[in-house]
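If you want the building blocks of each chain, they are given just below.
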Amino acid sequence: MLLDSNIIIYSAQLEYSQLRKLIAEHSPVVSALSYLEVLGYHLLTEQQRQYFEEFFQVAQVLPISQDVLAQAVTLRQ
């Protein structure tokens, strides 16, 4: 299951226990950009950082090639 950064962030919130359960039942896959976006957020609490670090240890993190990055930039312009 490929997850967006926002889904990863929501899964850390107490009220989204069903989301955590759904993710746990599948093999989470994330983009390397999601890793950067989530763990690179400058206002993370220590508890959030620990949750996300544990999450990324079990998730498959997909690398992003230069070709994919260039195409994404072109599409956003």
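Higher on the page you've got the structure.
Residues numbered from 1 in each chain as written. Predicted model: local features only at pLDDT ≥ 70, side-chain atom pairs only at ≥ 80, totals over all residues. Heavy atoms only, no water.

**Examining helix 4 (residues 46-58)**
Then comes step 1: Between the first and last C-alpha of helix 4 there are 19 Å, a value that for 13 residues agrees with the 18 Å anticipated at 1.5 Å per step.
Then comes step 2: Listing the buried residues of helix 4 in full gives Phe52, Phe55 and Phe56. Down the axis, helix 4 shows its buried residues gathered within 95° of arc, on one side only. Summarising the geometry of helix 4, the exposed residues directed more than 90 degrees from the buried face are Glu46, Gln47, Gln57 and Val58. (Helix = DSSP H or I, 4+ residues; strand = E, 2+ residues; numbered from the N terminus. Expected span 1.5 Å × (residues − 1). Buried < 20%, exposed > 50% of the residue type's maximum accessible area, 1.4 Å probe, protein only. Arc of directions from axis to C-beta.)

**Details of the packing of helix 3 (residues 32-39) against helix 4**
Then comes step 1: For the pair helix 3 and helix 4, the least separation of the axes is 10 Å and the interaxial angle reads 165°. By the angle between their axes, helix 3 is roughly antiparallel relative to helix 4. In this structure, helix 3 meets helix 4 at a crossing whose hand is left-handed. Counted together, Ser34, Tyr35, Val38 and Leu39 of helix 3 and Arg49, Phe52, Glu53 and Phe56 of helix 4 form the full contact between these two elements. (Axes fitted to C-alpha atoms, helices over the stretch in contact; angles between N-to-C directions. Parallel < 35°, antiparallel > 145°, perpendicular 65-115°, else oblique. Left-handed = near helix turned anticlockwise from the far one by under 90°. Contact = heavy atoms within 4.5 Å.)

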